[in-house]
Amino acid sequence: QVQLVESGGGLVQAGGSLRLSCAASGRTFSRYNMGWFRQAPGKERESVAAISRTGSSTYYADSVKGRFTISRDNAKNTVYLQMNSLKPEDTAVYYCAADQSIVLVTTPFGYDYWGQGTQVTVSS
């Protein structure tokens with residue numbers, strides 16, 4: 001089992017940047033594919049980005065391609081989401097999640113462990 005804690009959210013103006021971090025407990029972080037998801041009020045949780053165990057494969061939702069970058073540091077048990085050129089529609093609670101599947105899963109339903117979330121608010 002792995003426990004996840006997100007940090008780095010906050011209030012930013014449109015066009016600004018934030019970097020989210022997700023720290024994982026335990027010694028088995030490198031066994032998990034990791035994903036970032038977000039949920040805005042009244043909307044379903046949606047995929048943002050995902051990264052494989054070694055970082056060799058990544059996935060991005062079309063809405064964030066070219067603006068967000070997912071990365072991980074297995075030595076620090078941490079996954080990051082660098083968010084640039086933020087837009088008001090990026091406002092949501094952002095969650096990180098861990099999955100032990102062999103393939104890189106890009107939907108929320110395939111993830112086993114979730115953090116509590118961190119709020120990102122982008123003002124216009």
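Look above for the structure.
K.L.:
What is the right way to look at the state of the cysteines in this model?
P.N.:
As used in these notes, a disulfide is a covalent bond between sulfur atoms, one from each of two cysteines. Tallied over the full model, the rule gives one disulfide. At a sulfur-sulfur separation of 1.9 Å, the disulfide partner of C22 is C96. Residues C22 and C96 are joined through a disulfide that is right-handed, its torsion about the S-S bond being 45 degrees. Linking C22 in strand β3 (residues 18-24) with C96 in strand β9 (residues 92-99), this pair joins segments that are 74 residues apart in sequence. You can call C96 buried: its relative accessible area is 0%.

K.L.:
It is not clear to me how the pattern of salt bridges should be interpreted in this structure. Could you clarify?
P.N.:
Where charged atoms of side chains with opposite charge meet at close range, the side chains can pair. Under the defined criterion, the tally for this structure stands at four salt bridges. Residue K65 pairs with D62 through a salt bridge whose shortest N-O separation is 3.2 Å. Residue R67 is joined to D90 by a salt bridge in which the shortest nitrogen-to-oxygen separation is 2.7 Å. On the criterion of sequence distance, the pair formed by R67 in the loop between β6 (58-60) and β7 (68-73) and D90 in the loop between β8 (78-83) and β9 is long-range, its members being 23 residues apart. Owing to a relative accessible area of 10%, R67 belongs among the buried residues under this scheme. Via salt bridges that share partners, R38, E46, R67 and D90 belong to a single interconnected network.

What counts, and where the lines are drawn
- Residues numbered from 1 in each chain as written.
- Predicted model: local features only at pLDDT ≥ 70, side-chain atom pairs only at ≥ 80, totals over all residues.
- Heavy atoms only, no water.
- Disulfide = S-S within 2.5 Å.
- Helix = DSSP H or I, 4+ residues; strand = E, 2+ residues; numbered from the N terminus.
- Buried < 20%, exposed > 50% of the residue type's maximum accessible area, 1.4 Å probe, protein only.
- Salt bridge = Lys/Arg side-chain N within 4 Å of Asp/Glu carboxyl O.

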